[in-house]
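Letter by letter, the chains look like this.
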Amino acid sequence: MSRIEISNLVKMYGSHKALHGIDISIQPGEFCVLVGPSGCGKSTTLRMVAGLETISGGEIAIGDRVVNGLRPKERGIAMVFQNYALYPAKTVRGNMAFSLKLSKMPKAEIDRRVNEVAEILELTPLLDRKPAALSGGQRQRVAMGRAIVRDPEVFLFDEPLSNLDAKLRGQMRAEIKRLHQRLENTIIYVTHDQVEAMTLADRIVIMRDGRIEQQGTPDAVFHDPDTVFVAGFMGSPPMNLVDCMVTPGGLRLGGTELACTLPEGLRAGDRVTFGIRPDDIRPAADLPGGVPVTLPVDLIEQLGTEKLVHFRAGPHELIGKTGGRVDLAEGTEQRLAFDMAHAFFFDAETGQRIR
Amino acid sequence: MSRIEISNLVKMYGSHKALHGIDISIQPGEFCVLVGPSGCGKSTTLRMVAGLETISGGEIAIGDRVVNGLRPKERGIAMVFQNYALYPAKTVRGNMAFSLKLSKMPKAEIDRRVNEVAEILELTPLLDRKPAALSGGQRQRVAMGRAIVRDPEVFLFDEPLSNLDAKLRGQMRAEIKRLHQRLENTIIYVTHDQVEAMTLADRIVIMRDGRIEQQGTPDAVFHDPDTVFVAGFMGSPPMNLVDCMVTPGGLRLGGTELACTLPEGLRAGDRVTFGIRPDDIRPAADLPGGVPVTLPVDLIEQLGTEKLVHFRAGPHELIGKTGGRVDLAEGTEQRLAFDMAHAFFFDAETGQRIR
Amino acid sequence: MTPSFRLPTAAGTPYLFLLPGLVILGALLSVPLYKVVEYSLYDNVIVERNPTFVGLDNYRDILGDPGYWSAGFNTIVFTVGSVIGHMIVGIGLALLVNADIHPRARTFFRSMLVLPWIFTAVVVALNWQLLLNPFGLLNYVLDWLGLITEPLDWLGNPDLAMWSLLVISTWRGYPFIMVSFLSGLQTVPKELYEAAEIDGAGFWHKFWHVTLPQLKPVIFGVALLDLIWTFQLFPLVWLTTGGGPGRATEVLSTLTFRLAFVDFEFARAATVAVSILIISAAFTVLYLRNEARRL
Amino acid sequence: MVDEERQRRWRQAAIYAALALVTFVMVFPVLWMISVSLKPTTETFSLPPRLLPDDLHWGGYAKVLTDPKFRTFLLNSYLVGLAVTGLSLVIGTLAAFGFSRYRFFGDRVAKLFVITTQMVPTITLLIPYFGVIVFLGLYDTLWGLVLTYLTFSLPYAIIMMNGYLDTIPKDFDEAATIDGCTPLGVLVRVLLPVALPGIISTAVYTFLLAWNEFLFALALTRSMDMRTVPVGISMMVGEFGLKWDEMMAFSVIGSLPVLILFMLVQRFVVSGLAAGGVKG
Amino acid sequence: AEIEWLQWFAAENTGGFYEELVADFEAQHPDITVKLVTQPFGKVRESIVTDNAIGVGSDVLGLNMPWTTEFLEIGILEPLDDYLARDDNSFETDQLVEAPLGKIDGKTWMVPLNAFPFVMHVNMGLVEQAGFDAPPSSWDALAEQAAAISALGDGTSGLGMPFSSQPPSNGPILTFLPLLYANGGRIMDGTTPDFDNPKVVETLEFLQQLEQSGALAPGAASRTGGVDLEEFIAGRTGFLISPGVHSSSITSRNPELDYTLVRVPSNGAEAYRVHGWEIGISADSDNKEAAWTFVDYLLSPEVNARVAKASNALPGNLAALDTVRADADATLVKQMDILSGDTPVEEMRQSPKAAASWSLMTEELQSMLRGDQTPAEAASAVQARWMDLIQ
Ligand SMILES: Nc1ncnc2c1ncn2[C@@H]1O[C@H](COP(=O)(O)OP(=O)(O)OP(=O)(O)O)[C@@H](O)[C@H]1O
Ligand SMILES: Nc1ncnc2c1ncn2[C@@H]1O[C@H](COP(=O)(O)OP(=O)(O)OP(=O)(O)O)[C@@H](O)[C@H]1O
Ligand SMILES: [Mg+2]
Ligand SMILES: [Mg+2]
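Residues numbered from 1 in each chain as written. Chains lettered and ligands numbered in written order. Predicted model: local features only at pLDDT ≥ 70, side-chain atom pairs only at ≥ 80, totals over all residues. Heavy atoms only, no water.

Per an unreviewed UniProt entry, chain C is named ABC transmembrane type-1 domain-containing protein, and its organism is Pseudoponticoccus marisrubri. According to its UniProt record, chain C has this under Subcellular location (unreviewed entry): "Cell membrane". (UniProt positions renumbered as here; feature names shortened; annotations may be inferred.)

Asker: So what exactly am I meant to see when it comes to the site of ligand 2 here?
Answerer: Close to ligand 2 lie 18 residues; A:Arg129, A:Gly137, B:Ser38, B:Ser43 and B:Thr44 are nearest. Neighbouring residues of ligand 2 are not confined to one chain but are distributed across chains A and B. B:Tyr13 is positioned with one of its side-chain polar atoms (N or O) 3.4 Å from a nitrogen atom of ligand 2. In isolation ligand 2 offers 630 Å² of accessible surface; the protein chains occlude 86% of this area. Listing elements by their share of the shell around ligand 2, those giving two or more residues are helix 4 (136–148) of chain A together with helix 1 (42–50) of chain B. (Near = heavy atom within 4 Å. Polar contact = N/O pair within 3.5 Å; in protein donor to acceptor, adjacent residues only side chain to side chain. Areas by Shrake-Rupley, 256 points an atom, 1.4 Å probe, with all protein chains shown as cover. Helix = DSSP H or I, 4+ residues; strand = E, 2+ residues; numbered from the N terminus.)

Asker: I keep staring at the arrangement of the chains and nothing clicks. Help me out?
Answerer: For the eight pairs of chains in contact, the largest share of contacts goes to chains C and D. Regarding chain A and chain E, which are not in contact, the minimum distance between any of their C-alpha atoms is 50 Å. Taking C-alpha atoms only, the smallest gap left between chain B and chain E, which are not in contact, amounts to 48 Å. (Contact = heavy atoms within 4.5 Å.)

Asker: Sorry, what's going on with empty space enclosed by the protein here?
Answerer: Over the atoms, a rolling probe the size of a water molecule traces out where space has been left empty. Estimates place the volume of the second largest cavity at around 840 Å³. For the lining of the second largest cavity, the per-class residue count stands at 17 nonpolar, nine polar and three charged. (1 Å grid on protein atoms, 1.4 Å probe; cavity = no way out; pocket = protein on both sides within 12 Å on 5 of 7 lines; lining within 4 Å. Points joined across faces, edges and corners; volume = space filled by probe spheres on them. Nonpolar A, V, L, I, M, F, W, Y, C, P; charged D, E, K, R; others polar.)

Asker: Looking at this structure, I do not really get the environment of E:Asp194. What am I missing?
Answerer: All names here are of chain E. Relative to the elements of secondary structure, Asp-194 occurs in the loop between strand 7 (192–193) and helix 9 (198–212). Overall, Asp-194 belongs to the partly exposed group, its relative accessible area being 26%. Distance from Asp-194 to Trp-67, taken between C-alpha atoms, is 19 Å for residues 127 residues apart in sequence. If we ignore the near neighbours within four places in the chain, the residues touching Asp-194 are Arg-186, Ile-187, Met-188, Asp-189 and Gln-383. (Buried < 20%, exposed > 50% of the residue type's maximum accessible area, 1.4 Å probe, protein only.)

Asker: What should I look at first to understand the sheet that holds strand 5 (residues 65–66) of chain B in this one?
Answerer: In any sheet, the strands associate via hydrogen bonds between backbone groups, in a parallel or an antiparallel arrangement. Residue and element names in this part refer to chain B. Overall, antiparallel pairing links the four strands, which are arranged 2-1-4-5 in an open sheet. Two strands bound the open sheet, and with one partner strand each, they are strand 2 (16–26) and strand 5. Of the pairings in the sheet, the one linking strand 1 (residues 4–13) to strand 2 comprises eight bridges and is antiparallel in character. Looking at strand 2, one finds that Val-10 is bridged to His-20. (Pairing = 2+ DSSP bridges.)

Now the structure itself:
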């Protein structure tokens, strides 16, 4: 349970600036999730906290200590690597027990912990295999186990669940959440899965191109995005984002006129980016209070209990949702309703939210 | 566009039997997805089709040829590896162009193809980097690109999207689907993400411990599972599966009585596994026709537009769904409705569906 | 894989790792190295108790000596030929012996193929003299096959001697490359071969596009060392041909030895040695350059 | 099924055939040595050449096996070889790790120095080096030889181990560092097991270097008790002729343990030791 | 005092003879211990020089005459005149084999332990097979018989010329010089090389004639002294010019051989090349007294006789000759007989840069036998390069 204070963190790879001054302040016991598209600098940030990358600028404090100069093992952290980094010559048990052995824990205690964690991660039958004889997902779980077994002050996770199957991923997600509730360690968790981010985080930090785009609680980030990027990034399927022209009565979307009230300050003729989540585009019957529109169906994706329906609106594509058992055919026209109460508007140029 | 016929495929790793006789028959142009929990043998099956693992028993035919003895390059396939396997010494361009160069394609044509695919995968600015200087997701995309660029008869994908962020994953998913619609190649696609499986597949093959549990269209598999395993595996969050006692008027679930009609042949006192999807457990107000129950709320997971609500029913936990903006508090009692029209019953011992 | 990773440098750490090695090398070799350079600047060292300083005179003499240049030329032929021979045979055999065959057979073949390495140079030289002499086995076999009518004097004919020497040197030197390369092969991830196989790569393509790039550090290291060693390889040449016939196989190292211990011209010998040092240094700089590019 | 099996068989057969052929060619000179060791010296030069004489002549072996001097030579060679191997592996690997895993001030110069020490022909170093060993009081001791060979083998060990370590992804270092390893711990506990094939080939090289060296072995020792196998062998090249049978017998006998040693260690040079550790 | 004796003799004679000898000496002189430092023959010359350079030279040195001048230049050797002049020596100086004692720079530098005269070994079997009933004694006969033996085919040849460049690359002094001396020629004029004289050219021409008539074994340029001997032992060369001491190897290793030895065929002169194992004392020795005591011991007639017998050689102290002869084997007796009237010659000891000089002789002779130059050209080439060398 330590506070983590990251201030003005900069990372240079040669002349390439990978991080442009990041500030994050994580409370003791807080579960902080870094999300962002591939290459935005999540892993880099995490690795700098871990002490695996040198710090080109700024400061990182864990607890009350500035750790810039400290070795990883002096920082009281455990980490799960994005690419496993299992010791190939050791068995699964050896991999998990390694750090405990290094800390001179009694053998019996090591065994107890390893067995316990192996149980949680369904690794028990694999304990004596070497990494080469494991499947991808199994390796990922060993990497998880190696960190969990240490029970440190601060946990660093780099996409720990990305190779698990859906069921196990759900289980592990809940497991990590419970673990956190029980141990109350401070956690920094990198993922690109915004479901994970939403469900796990106390604080979500959304990064983009080495900068922080927005940070806050999952609710705040999801329901009140500051920028078009955040709006588009959080939520799956992503929010529909369309460049529109403001008309006197509302918006022109493709060929269609969408009657609605707009934030003050927008005038007819302005270009805005209009955003609406697929959940807020429904068959007209499902959404009695919505703004009705009729659009042709382009593509249907069956998710099981729901279907994603891709509509064509002039040059744009919009995604809506229907129940999984609703019958729809590709190519037909469909009467829809837009829930404009949950629509968002962004400056078409800067991407800033217009409220 | 080739038929793939897998019959009675067996794989031994030493004395460990990883595959116990798999039969899959894939039509020309069909998109076949293998899903299953980690370690169930998906990758192994795929690698045997690719010719990377020897075949311990059974037969694989691609088109009209039995390919058991053929080398990978003679099989007319391209493959995306679960762990990338990029050539570290080549640039991204070099990685993508390699197979084309080997097939002696003219340079201009190679360039055209590579650039085109790079464009699709948003790799254009990275073409001259080496894999070591790419982020995880970027590498995965290069691996994808390397296969796509070849435009083969049969595509083999081993969890190609597992390292992409949600947004890109969604995009790529749609991209692969369109690609398939356009090129009509036969595809075998391994994933543990059942959303991918549902959206992409023409045929889903669900594997477990080296055996096929069920195969069929996404709809069939999702809405009409044969076994409790399939029911539990498909769908996220997974179907609630609870061991219950049959009562004269329905089921006893924890302490609660659930009035419902059961399949014939079930008698009071029988033990069954009762299955119901979270989507079919809703606040009573949302589901007027459902069977009403009142349960305490245990945990809430915010997904954004929806919330997963964990209820406690005696010793069991049940997950239901509410809209993302519904207010609920952990610890309170909640009036719910079960949509028993979509409930499933399985033999508590064998796991077979009882219809 | 983040190549930028360096273990956090608590300033002195890397030096601590290097210390024992550098101390031993420094303590034992810096004085001799210095001495050799010093000798080359004096006249008649060792023979005279108080040699006179002559500056670069020895260098002028050496550079003006056609014997030096022809030895230099032979050295290049011998070195380049040997290294190529070692590499081709060594790498080829490493690949062959890395094949997926029964482990016992593998052990057997690997062990047999290192045999040329475990005999001392005297024995190697004498044995090859036996095999190559005009009444030796090789001539006998060639004659039996009808390939020659007259026995060939492999080591005594100026046109053949260098080739014979190259064969011997290749035979003697390939196991080193083979073993080093074989070890390197084990570190190449299997997935890369699989990917290449799917991409349609045959044996050569896999070798060229996966194995070689992956083993570049190992190959460069081995090749550099082999080059440096062969460049100054002494016992094998000296014991097999003694630089002859005439001076047909005289290389810089045998010239050095001849100057030192046959002619007792230690100063000139040191001068030739320094010239070898300078040439080897050029190789090394090339190597380090290449390595710098890799990092 | 049948086809595949047949094809596999053919491929195996072809590999075996190629291996057998190549091995025969490469090993032939050694067979010839054995042949010479089993012939009375009169037959060494007999025509037509024969691989095996009518009566095997064990005289060379008998002589070599009964004379205690040869046992001393062998023992010395093994002692020196093993000591040099052990020391160069330890010291060389440490330095290689420094070079492989750190950038620091002077790294290039240090490396250049290491390589430079290999570049002067040993024959010219002989005299000044001899002086150093005498100065250190190591003249005519096995330690003198060990130290000497160390100076030859260390640069090799450093450069080669550096090469092998460079092929191991840095991810392992990171994981181990987080797990609480010191840098030395990273090397010993994590990298070395992965680098085992490299270690073995370095060990083989180092051992053989010490095993085969002759010039210094001769110059730096003078008692019979301190002499090594190559010196012993060269003693058989006399002013008035050469004891072919004894010389070859001694070479063969001396090399047998080396061969067995190699067979034992080479099993650790197995495929895929580093497999499965990281993805990508 | 402890003294070291650096030599190669003990390596030639592995029966432990020299260890016994030393033990006997130590028993007689309890105050002196002698450490045998045995080097292979091919390395002794280098060892003496390197040891000396570092200051760890041995006290008593086993020597070869050709090294004398070279070692004098470096100052390795102690002049022995004062020691020889003592009257408590166990031997008479004028009883010693003369060649090694000859003064250079006005001093004597070494004493002979034993002596090996050069003879010609003959495979009588081949001679008879070729249709002759006696070994040759003149050059003409040699040429005729050698050519005839070569003509027998089956890998036999008349005479070997070991002109390989492989170290020690000393073929010319093993075979060419004995022939030259038997022709009455010399290659030195005092301490100056004189290689291009007519006698030398004549001898070279003889070699060339042998080569052209096919009398010589093929591959002279890669033939080492060792191979030359082995081929003879194997019964495939008719004649071998080499030290008489080889006779014991020949008879012991191939008892089947119909063997005899004769004086090197003469072209008029009755002179033979002599070679031996010599002893000197190191100039840097701290125990010269003890060293001399040991040398004195080695030269005493009884000990010297033992040494000579052990090597099947002639004793360095001629006073031991009769003792040696008493139970010498037939071949040794024969050597004594055939050489008794002839003049022993050893020139290399006066030669500056002896080792370098014979290796350039080797090179030029190879070239001549290949037909790249005439005997006269070869002679002047050697002379020129030799003079160049000693500048
Ligand atoms: N060693 C390196 N040298 C140069 N650039 C690098 C290096 N490592 C990472 N980068 C670059 O820095 C940026 C941030 O990389 P980082 O690994 O932090 O991304 P990420 O957010 O973790 O992405 P992903 O979700 O794909 O893992 C990327 O543009 C990447 O290409
Ligand atoms: N080389 C091997 N040696 C021994 N067992 C192996 C080997 N490779 C895989 N296995 C085992 O075979 C089974 C199937 O592995 P496979 O890689 O096919 O799983 P998967 O379904 O792809 O799992 P994941 O989703 O985790 O990648 C696993 O239990 C695995 O441990
Ligand atoms: Mg990352
Ligand atoms: Mg897999």
